[in-house]
Amino acid sequence: MSVNKHLPHVLVLPEDDANSRLANGFQLQIDPARLRRMQVLPVAGGWNEVLEHFVADHIREMDLHTRRFMVLLIDFDGQDERLANARSRIPERLRDRVFILGAWSEPEDLKSAGLGTYEIIGSALARDCREETDVAWSHELL
Amino acid sequence: MSEEKVQFGGQPVYTREVGRTYGQIDSQLVALPIIQGSALDPTSLFRYWLAQMLILRPMPSLISGGSKGDTLEPDAQVTNLGAWFSGLMAHAPSAYAEVESYLKQVMPDLNDIKNPVIGRDARSLVVQFSSEQGGVTPPFEDLSDGEQCYMICALVLAANKVHGPVLCFWDEPDNFLALSEVGHFVMALRKAFQFGGQFIATSHNPEAIRRFSDENTLVLYRSNHLEPTRVRSLKDIQVGGDLVGALIRDDVEP
């Protein structure tokens, strides 16, 4: 029964454990009644692997399940061109349902910057969304 | 009761001999547990907290929905689930809303849970499902093992809410669950215990393990049966790359 595919739901595809834990922290802030609308997938093992998994497994599934959204959680490693590179792998018809997010460098730097554990950072990002603030999201490393 | 006594540093602070009453406590009863039971006494509070502890390693094949009496203390295998359900509902009828709210998320066709009297002091849980095609009311023991675990999870969430905070230690909560459910199941428990109580789980399941972090994961390891189990926080262990991959390779040694 997992996520109800007939309702809007979001799958998060994280690059690595650090990003997966950010997503866990985000999910812990979701209202219990909506908790099952979000599912964090196993880690892909690298930013390029995220994109390869997306292309190989998820494009077809997203075409089948039109209420599915996806978040690709990747590290940008300070590379300007990575976002454009990632976007180019997303078919035009899915662009309004696929979001590419991640640390500008890597999540380890967010932790080193004193923002807390990955879960705490993820929770702070979720709180910003709920309260329509920009405290965590405005950090220069995001 | 023949005699009861409390000494501190060898000096008696309380003694009571056979046949003597203490306040309104009958001479036949042991008075100390009653006298010590102050709501402000730290020892009493700790004892109460210990008594509330839920230690679970459910065995669905041993669980039936039948019960005689009620309890707030499920046994480890949760064979007294029916009595636990009755106890929670008797303790706080609002527990039903909590149970129903969770179960309807995981089983959207759930309509009702009933615990009718089936004999002298005996009850039996039945679960009613309905959809546009009609309805079905199976006895509790006819639910799948995973569905029975959903019910246990629902009762844990309700217990923490209506008579918590509780400490819940669940041995392998991922057992019996569909792979797509493991993450949701663990996150529902983590979410519910975020602001009160404590949830501790053991697991070998990658999906369950991924729903925790370095800071709240302990790795237990022993190299043979003659050595004590070593316990170390995951954050103190340098695991390179994917944790689950390292666990599969058995490369995570405390």
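Small disclaimer: the values here were computed from a predicted structure and weren't measured. (Residues numbered from 1 in each chain as written. Chains lettered and ligands numbered in written order. Predicted model: local features only at pLDDT ≥ 70, side-chain atom pairs only at ≥ 80, totals over all residues. Heavy atoms only, no water.)

### Thoughts on the overall build of chain B
Here comes step 1: Summing up its helical and strand segments, chain B has 8 helices and 13 strands in all.
Here comes step 2: The globule rule puts the C-alpha radius of gyration for 254 residues at 18 Å, and the 23 Å found for chain B is more than 25% above it.
Here comes step 3: Along the longest, intermediate and shortest principal axes, the C-alpha atoms of chain B span 65 × 55 × 35 Å.
Here comes step 4: The 254 residues of chain B split such that 41% are buried.
Here comes step 5: Sequence separation of at least 24 residues holds for 47% of the intrachain contacts in chain B that already meet a minimum separation of 6.
Here comes step 6: Summing over all exposed atoms, chain B offers an accessible surface of approximately 13800 Å²; the carbon and sulfur share of this is 53%. (Helix = DSSP H or I, 4+ residues; strand = E, 2+ residues; numbered from the N terminus. Rg over C-alpha atoms; globule rule 2.2 N^0.38 Å. Buried < 20%, exposed > 50% of the residue type's maximum accessible area, 1.4 Å probe, protein only. Contact = heavy atoms within 4.5 Å. Areas by Shrake-Rupley, 256 points an atom, 1.4 Å probe, with all protein chains shown as cover.)

### Thoughts on the pairing of strand E11 (residues 198–202) of chain B
Residue and element names in this part refer to chain B.
Here comes step 1: Note: strand E10 (residues 167–171) against E11, 5 bridges, orientation parallel. What sits directly across from Trp170, in E11, is Ala201.
Here comes step 2: Following the backbone out of E10, through helix H6 (residues 179–192) and into the adjacent parallel E11, one traces a crossover that is right-handed. (Pairing = 2+ DSSP bridges. Right-handed = clockwise from strand over helix to strand, strands pointing away.)

### Things to note about the state of the cysteines
All names here are of chain B.
Here comes step 1: In the structure shown here, the tally under the stated rule is 0 disulfides over all chains.
Here comes step 2: Take Cys149: it sits in no disulfide, and the sulfur closest to it among the cysteines is that of Cys153, at 9.2 Å.
Here comes step 3: For Cys149, a relative accessible area of 2% puts it in the buried group. (Disulfide = S-S within 2.5 Å.)

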